[in-house]
Structure formats: structure tokens, C-alpha cells
Amino acid sequence: MSDAAAAPATASAAVPWLQRDLPARTQATAIVTAGIGQNLVLTTVTTFMLVYLIEHAGLSAGGVAVVTALVTVTRIVDAVADPVMGSIVDVTRTRLGRMRPYVLASTLPLIVLTTLLFAVPPDLAEPWQLAWFGVAYVLWGFAYAMCDVPFWGLIGSAFPDPERRTRVIANVRAFGAISLGAATLGMPWLARVLSPGDGTSASGWTIAVALVSIVGMALFALAFTHTRERAVTAERVPLRVLARTLVGNRPLMLVLLGSLLGFARFVVQSGGAVFVVIAYGNESVFTLVGAAIILGMVVSAFLAPVLLRRVPARAVAVGSALASAVVSTAMWFVGFADVWGLVACIFVNGLTLGLFLVVQATMIADAVDDAERRTGVRGDGISFATLTFISKVMTALSLLVFGLFVAGAGYEAGVDVTPAMQQTVFVAITLVPAASALLSAVPFAMVRVGASATREPASRS
């Protein structure tokens, strides 16, 4: 089938340039580019938010504990709202589709709210700083749900062929990791360049985040202008039917459970920058740590489609979890004093994480297809909302666990770092993820339905 023939039908020609058919290759490029922009914004928030609040807004250890608790509660509430957003998407009918209008509507709010998260005034009393951050973060979470749920649903809708969809998902994950790397390695430098004086300032971070948010959301808007959705019937499926189909989708539920149990695999991403400051007293070391995990994620994400053509997705998911448990345990024995040994372990963990992120989204997409074959009901929005739901819960729990370890260790800006403090935080990025990954392998091993999950290795003939 040609790329042009593979393009989904459009719902209407009322807005010609936004409704004309597009080659699947064009749509794939737009989706991947949009994912790059989205990851620029997401990485900035998840990686540097605590660094900004501790090092530049000057929050105390108690304030950090409040922030981590607030973030956890907000992310869980926000995650629960994702299926609601997915349901809204599924019952939406517009001339531009069900998902694309929400993609466009989310861009400006995310620019503003992301900037506000990094504009907490350092000279405010701490209670007011926490209030500023809390309001901005709650609103940011809802705005991000408005962009993320439709984005992943759009991938499922625009690419009905499972093999092409797996390639698109892999590329979104791979280039997203590259984007993550660009933000991780580039944001501290950009904030420094934009800061007055010799050091990095709070105002430098605010300006840097504002610029990156504008660029990121401009790229993300390509998911609105250069994609097309699969044609759907005009009849709306009742929400109770969508919910019943979702809950009854056993493979999907097992994938979500396995992901949830593996939440601590995100701890290095959530707390890596703070750990480096505690362990080494030198932010520049994070360049090595960040580059290692990102390189691993990029390599494995590009290789994942090839692997999934030969190995069942279930086996890839289980294998990545077990490998992560082994490597995270090895990190503990290597110790953070051996910087290069630590970097090597983190690179291998990046390989396992990249595989997990691709196979997770692929198995959810396969479960959606399987439910449609069995029930005749297709809920791209509500089903892919579970992906964003579980990702938010995983991030929230990983940040909570890391934040509690940091608070328990007594670390805050200006405090004298002790070996006991360093070891306490080191446990949070090694042994905790190891146990979490090991538990996550069990539900993944039980998945039996879905095109990728059951696909046999390709013949060598």
C-alpha cells in the first residue's frame, strides 16, 4: 500500500488546507517532530523543577517535602482526570476531528504555565512560594493532559497498520529521548547564558524556560496542522460503554499494572540532577549521567521495532524489567565513587527503559485493536489516556519516593553534605528501582492478547 493510500480519511472539507489528505510519511514526520517539542517542555519540568526550587527559589527541606507531596497528590488527581479527558475526546465530533482541536488548544496555556513554574520569586515568604507553585502546577497538569491524551490517541487513529504504528511509536520515543537529552544537557547552559552576572540566576531560568516552551509548543502544533484522523461514525458511543470496554480489557489492565509496579524505574530521571549535586557537589557531572541514560534510551528505541518483529512484546517487556532490576542492583555495588562504573550502569538501564517505553505504548495500542475486534467499540481517547495516566502516576510516585529520601536525609541548599546523606539518596536511585522493576515483570508475563504480544518471531526462511 502506498503512503498516500495509507492516509486516513478526513471528516470534512470545510477547512480545505487542514482537511486534505496527507501521505502517511508526512504525518509520521509531523508526529515525531511534535513529540520532540512536547518532550522539551516535559523534560524541563520533570528534570529541573526541584533544582530550581531548591537552588534558586531557596526552599527549605520542609518546603521540599511539601512540594513533593503536593506534586504527588496533584499528579495522581491529574492522572485520574486523564480518562475523563480521553472520554471527552471520544465523544467529541468536530470538522477537524476528535483529537486535533485539543492539541492546538493546549499550546498557549502550556507556554504560560511552564514559565510560571520557573518564575517563583526567590524573595517571597516560603508559604507564598508554595502557593504560587501549587496553583501553577495544578493548572499545568490539566493543560498537559489536554495535549498529551489527544496526542497519543492521534497516533492510534492516524496509523491503523500495527507495524507502521510501532515504527512511529519507536521514533517518537527515540527522538523524544534525544529531545530529553537536548533539554537535560542544554537547559543549565541556556539558563546560565541568560543570567546576569557570573552565576546562574532565577531570572535566567525563567527566561530560558519561556523560550524553550515557545519553541517546544510551536513544534507540537505540527500534530494539529500535519496529521489526519481515521474517519469515525457520527454516532457517539455512550460513556458507560467506553468505560465498560476499557475495564474489561484484561491485556490493557495487565500492562497498566506492570507499568505501575515499575514506577521507580523513573527515579533517575526525576532525581538525577539533585542526586549529582548531593553526591558530587558538581552539577556538570549530570552531563555524563544524563547523556548515559539518554543514549541508552535512543539506541534501544530505534532497535525496538526490529526486536518486536522477532520477539513477542510480552517477552520484551519482561526482559527489560528483569534486566533493569539486575543493573540497578549492580549500581549499588559499584557505588557512586566510581563515576565511570556508575555511568556504564546507567547507560544499560537507559537501554532497558527505552525498550520499555516503546513496548508499553505498543501493547496498549494492540490492546485497543483487540478490544475493537472483540466488541466493535474503539476508544482511542480513553484507552490511550491510560498511557498518560500511568505515566503520570509513575512519575509522581518516583518523585515522591526520591523527595522523601532527600527530605529524610536532611538535604537542603547550603547544608553540609555527609556520607550518610549521600548513601541514603543513593539507595533511592539503585535498590528502590531494582525492587520496583522486579515486581513489574509479573503482570507483563501474564499478558496473552494483542497483535504484538502474541506475534511469533519472524521466519528465517
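Above this text sits the structure in question.
Residues numbered from 1 in each chain as written. Predicted model: local features only at pLDDT ≥ 70, side-chain atom pairs only at ≥ 80, totals over all residues. Heavy atoms only, no water.

Thoughts on the environment of Val417
Thought 1: Mapped onto the elements of the fold, Val417 is located in the loop between helix H17 (380-409) and helix H18 (419-428).
Thought 2: Spatially, the C-alpha atom of Val417 lies 8.3 Å from that of Ala279, the residues being 138 residues apart in sequence.
Thought 3: Residues contacting Val417, with those up to four places away along its chain left out, are Ile278, Tyr411 and Gln422. (Helix = DSSP H or I, 4+ residues; strand = E, 2+ residues; numbered from the N terminus. Contact = heavy atoms within 4.5 Å.)

Topic: the pattern of salt bridges
Thought 1: Under the definition given, this model contains two salt bridges.
Thought 2: Across the salt bridge formed by Asp366 and Arg165, the nearest N and O atoms sit 3.5 Å from each other. With Asp366 in helix H16 (residues 339-375) and Arg165 in helix H8 (residues 162-193), the pair connects residues that are 201 residues apart, well separated along the chain. Both residues of the pair, Asp366 and Arg165, count as buried. (Salt bridge = Lys/Arg side-chain N within 4 Å of Asp/Glu carboxyl O. Buried < 20%, exposed > 50% of the residue type's maximum accessible area, 1.4 Å probe, protein only.)

Considerations on the packing of helix H13 (residues 267-280) against helix H14 (residues 285-308)
Thought 1: Interaxial distance between H13 and H14 falls to 9 Å at its minimum, and their mutual angle equals 150°. Compared by their axis directions, H13 and H14 come out roughly antiparallel. Crossing angle aside, the handedness with which H13 passes H14 is right-handed. Contact with H13, carried on its side by Val268, Gln269, Gly272, Ala273, Val276 and Tyr280, involves Val285, Phe286, Val289, Ile293 and Met297 of H14 and no other residues of that element.
Thought 2: When its residues are assigned to classes, the contact of H13 with H14 shows nine nonpolar, two polar and no charged. (Axes fitted to C-alpha atoms, helices over the stretch in contact; angles between N-to-C directions. Parallel < 35°, antiparallel > 145°, perpendicular 65-115°, else oblique. Left-handed = near helix turned anticlockwise from the far one by under 90°. Nonpolar A, V, L, I, M, F, W, Y, C, P; charged D, E, K, R; others polar.)

With respect to the packing of aromatic side chains
Two aromatic rings are characterised by how far apart their centres lie and by the angle between their planes.
Thought 1: Counted according to the given criterion, the structure contains 16 aromatic pairs.
Thought 2: Taken together, a centroid distance of 5.2 Å and an interplanar angle of 15° make the contact between Trp140 and Tyr144 stacked. Here Trp140 and its partner Tyr144 are both found in helix H7 (residues 126-158), four residues apart, which amounts to about one turn of the helix. Exposure class is identical for Trp140 and Tyr144. Each is buried.
Thought 3: On the numbers, 5.3 Å between centres and 75° between planes, the contact of Phe336 with Phe426 is edge-to-face. With Phe336 in the loop between helix H15 (313-334) and H16 and Phe426 in helix H18, the pair connects residues that are 90 residues apart, well separated along the chain. Across the pair, exposure class does not vary: Phe336 and Phe426 are buried alike.
Thought 4: Here the aromatic cluster, defined as three or more aromatic residues joined through ring pairs, consists of Phe275, Tyr280, Trp332, Phe336 and Phe426.
Thought 5: The ring of Phe356 is capped by Arg265, whose NZ or CZ atom sits 4.9 Å from the centre of that ring. (Phe/Tyr/Trp six-rings, centres within 6.5 Å; stacked < 30°, edge-to-face > 60°. Lys NZ or Arg CZ within 6 Å of the ring centre and 35° of its normal.)

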